[in-house]
Amino acid sequence: MKKLLVAFAAVAAFSAHAETITVAASPVPHAEILEFVKPALAKEGVDLQVKVFTDYVQPNVQVAEKRLDANFFQHQPYLDEFNKAKGTHLVSVGAVHLEPLGAYSSKFKKLEDLPSGANVVIPNDATNGGRALLLLAKHDLITLKDPTNILSTIKDITANPKKLKFRELEAATLPRVLTQVDLALINTNYALEAKLDPSKDALVIEGNDSPYVNILVTREDNKDSDAVKKLVAALHTPEVKKFIEEKYKGAILPAF
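Values in this document were obtained by computation on a predicted structure and should not be read as measured data.

Draft legend 1. Summary view of the sheet that holds strand S11 (residues 204-205). One open sheet holds the 5 strands; their spatial order is S9-S6-S10-S5-S11, and the pairing between them is mixed. Two strands bound the open sheet, and with one partner strand each, they are strand S9 (165-169) and S11. Bridging between strand S5 (residues 102-104) and S11 involves 2 bridges; their strand directions are antiparallel. Looking across to S11, one finds that Gly102 is bridged to Ile205. Contacts from helix H5 (residues 126-138) reach S5, strand S6 (119-123), S9, strand S10 (183-186) and S11 within the one sheet, and its direction differs from that of S6 by about 135°.

Structural data, given as structure tokens:
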């Protein structure tokens, strides 16, 4: 009984003194990585609360509006474009991992097997849409006006020898339409949620030289808070690196 009372007292003491940080995250792998570091943060006096989102807009909106403390789902080019479009001032406080974007098909085994007029779907947000087009251009399916422009759009295609028919859809919906199209360019987090194995199922995939490293993001007025600093430190440990390498087996790469 005495041990039980001591345990309750310890929990009560932690609850009374713990600083809570609430972080928005995509389900896979972001929320999984955050859940992994929860125990380590608890020992540092930080109560990490993870709120799962399946879209790429609300996590930034809610952090900007101070309804959440931080988010973990995006890369720097997306954040830059979001800040520019929405007039927000969100900032990165640390790089965590890379999710290579890949091209998937349920009908064809190689890109060169795509027929003339094939239906291709890409993400409809500016940075991931441009990222998808750059990957296709790198593998000679199309030619772009500027093959280094990460904000390239369908209008920037200057050559399309296979006469591919492009549609832009919300990134989260792309795995669901995979069987209805010839090719889908899918972010790794959504591919993993759909039980796809990027290292095996992607016809082509970005290399580890990609600039699209996923980052922890918060507001300028919050970036130096103790809780945020402790969260960044917890995400940059050898234990997290090992967790990412062993759990995702190359589909996701540590970036620290």
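Draft legend 2. Focus on the pattern of salt bridges. Tallied over the full model, the rule gives 8 salt bridges. Glu35 is paired through a salt bridge with Lys38; the nearest N and O atoms lie 3.6 Å apart. Placement of both Glu35 and Lys38 in helix H2 (residues 27-43) is noted, with a separation of 3 residues, approximately one turn of the helix. Look at Glu35 and you get partly exposed, because its relative accessible area is 40%. Across the salt bridge formed by Arg219 and Asp221, the nearest N and O atoms sit 3.1 Å from each other.

Draft legend 3. Summary view of the packing of aromatic side chains. Taken as a whole, this structure holds 7 aromatic pairs when the rule is applied. With a centroid separation of 5.6 Å and 35° between ring planes, the pair formed by Tyr56 and Phe73 is classed as tilted. On the criterion of sequence distance, the pair formed by Tyr56 in the loop between strand S2 (46-52) and helix H3 (58-64) and Phe73 in strand S3 (residues 70-75) is long-range, its members being 17 residues apart. Relative to Tyr78, the ring of Phe73 has its centre 6.0 Å away and its plane inclined at 75°; by these criteria the two rings are edge-to-face. Accessibility classification places Phe73 together with Tyr78 in one group, the buried group. What links up through ring pairs into an aromatic cluster is the set Tyr56, Phe73, Tyr78, Phe82 and Tyr190. Geometry around Phe256 places Lys241 over its ring, the cationic atom sitting 5.4 Å from the centre.

Calculation criteria
- Residues numbered from 1 in each chain as written.
- Predicted model: local features only at pLDDT ≥ 70, side-chain atom pairs only at ≥ 80, totals over all residues.
- Heavy atoms only, no water.
- Pairing = 2+ DSSP bridges.
- Helix = DSSP H or I, 4+ residues; strand = E, 2+ residues; numbered from the N terminus.
- Contact = heavy atoms within 4.5 Å.
- Axes fitted to C-alpha atoms, helices over the stretch in contact; angles between N-to-C directions.
- Salt bridge = Lys/Arg side-chain N within 4 Å of Asp/Glu carboxyl O.
- Buried < 20%, exposed > 50% of the residue type's maximum accessible area, 1.4 Å probe, protein only.
- Phe/Tyr/Trp six-rings, centres within 6.5 Å; stacked < 30°, edge-to-face > 60°.
- Lys NZ or Arg CZ within 6 Å of the ring centre and 35° of its normal.

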